[in-house]
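Observations on chain architecture
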Amino acid sequence: MVQPSFDAFQAIADPSRRKMLRLLSKDSLTINSLGEHFDMSRPAVSKHVKILHAAGFISIQDIGRERHCTLKQDGFHHLQEWIDYFDKFWVSKLKKLETLLNNKSQNKK
Amino acid sequence: MTKSIHHQFFFPHPPEMVWEYLTNAELMAQWLMKNDFQPIVGHEFQFRTNPIPSLDIDGIMYCTVLEIIPFKKLSYSWKAGPGGGKITLDTVVVWELQSKEKGTDLLLEHSGFLEIENLSLYNGMTDGWLKNVNKIAERLNAKYGTTII
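Summarised in this report is the structure supplied together with it. (Residues numbered from 1 in each chain as written. Chains lettered and ligands numbered in written order. Predicted model: local features only at pLDDT ≥ 70, side-chain atom pairs only at ≥ 80, totals over all residues. Heavy atoms only, no water.)

Topic: the sheet that holds strand E5 (residues 73-80) of chain B
Hydrogen bonds between backbone atoms are what pair the strands of a sheet, whose relative direction is either parallel or antiparallel. All names here are of chain B. Applied cut-off: Only strands that DSSP links by at least two bridges are regarded as paired with each other. Helical segments are the DSSP runs of H or I of at least four residues, strand segments are the runs of E of at least two, and each set is numbered from the N terminus.
Ordered by their spatial adjacency, seven strands build an open sheet running E1-E7-E6-E5-E4-E3-E2, and the pairing between neighbours is antiparallel. Two strands in the sheet have a free side with no partner beyond their single neighbour: strand E1 (5-11) and strand E2 (34-35). Bridging between strand E4 (residues 60-69) and E5 involves five bridges; their strand directions are antiparallel. Bridging from a neighbouring strand, isoleucine 69 pairs with lysine 73 of E5.

In structure tokens:
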């Protein structure tokens, strides 16, 4: 079996990396803006980011000259799936309500 | 990233009529889900639907009425989980009705998804810790034998 270079345990054992995950849970950030929250050198920030990436906690996307870090939802109960599900759920329910109300007022006439 | 759901619907009907469909259990069942809602603040009720395997929830929404301003505003908590009393979704639904010249604007906000994300983050970490502590214990055992513990 191939061992990943950094497992989840190692990735979250470090308080800075846990803080990074918490920051990224609010919004995706570039490595630079992520680094602003820490009193450490840019290479040190990059190293932490690499470890989080290797452990599957985040994805990194290059946009222009910036590297954007985003939490990977896979490990985190699929937040976006919940939102997407209930978003569609409400639209379909509200359409049903619309039909009901329209039918009701038509019957009255 | 979206953390809450917003919808606005216009109905060419008076707020009183729309309100009925938001607060009368029988009428609610016609478009939303079966429920035992009562328009009383603090009332605990449930919506029941089929299980939703993709979200790992058993189809029961556990709700508590949080606020009622007749014909204007209604809110309830909206919780769900895989069953056995475990809650993985802890959110709030707010309905607002605005009287318009020719009908009613109905505003829906379904929020609180961020907290769940944090909770899941925490849960994921806790599970991760446990799994990995076990893994380390195994490695130690393999190396030094099981006599340490």
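Focus on the nonpolar core
For clarity, the threshold we go by: Put simply, buried Ala, Val, Leu, Ile, Met, Phe, Trp, Tyr and Cys residues joined by side-chain atoms within 4.5 Å make one nonpolar core. For every residue, the accessible area obtained with a 1.4 Å probe (protein chains only) is divided by the maximum for its type, and the residue is called buried under 20%, exposed over 50%, and partly exposed between those limits.
Counting 41 residues, the largest nonpolar core has Phe86 and Trp90 of chain A together with Phe47, Met61, Tyr76, Trp78 and Trp95 of chain B as its most contacted members. Looking at this core, the element that brings in the most residues is helix H5 (residues 79-108) of chain A, giving eight residues. Counting 15 residues, the second largest nonpolar core, distinct from the first, contains Met20, Phe38, Leu52 and Cys69 of chain A.

So, the sheet that holds strand E2 (residues 58-63) of chain A
All names here are of chain A. In plain terms, the rule: The contact criterion used throughout is that any non-hydrogen atoms of two residues lie within 4.5 Å. The angle between two axes is taken between their N-to-C directions and runs from 0 to 180 degrees, where each axis is a line fitted to C-alpha atoms and a helix contributes only its stretch in contact.
Taken in spatial order, the three strands of this open sheet run E1-E3-E2, and their pairing is antiparallel. Each edge of the open sheet is held by one strand with a lone partner, namely strand E1 (29-30) and E2. As judged from the two bridges shared by E1 and strand E3 (residues 66-71), these two strands associate in the antiparallel manner. Within E3, the position partnered with leucine 29 by the bridge is cysteine 69. Most of the contacts of helix H2 (residues 15-26) go to E3, to which it runs at about 90 degrees, and overall it touches E1, E2 and E3. Helix H4 (residues 42-54) rests against E2 and E3 of the sheet, and its axis sits at about 120 degrees to E2.

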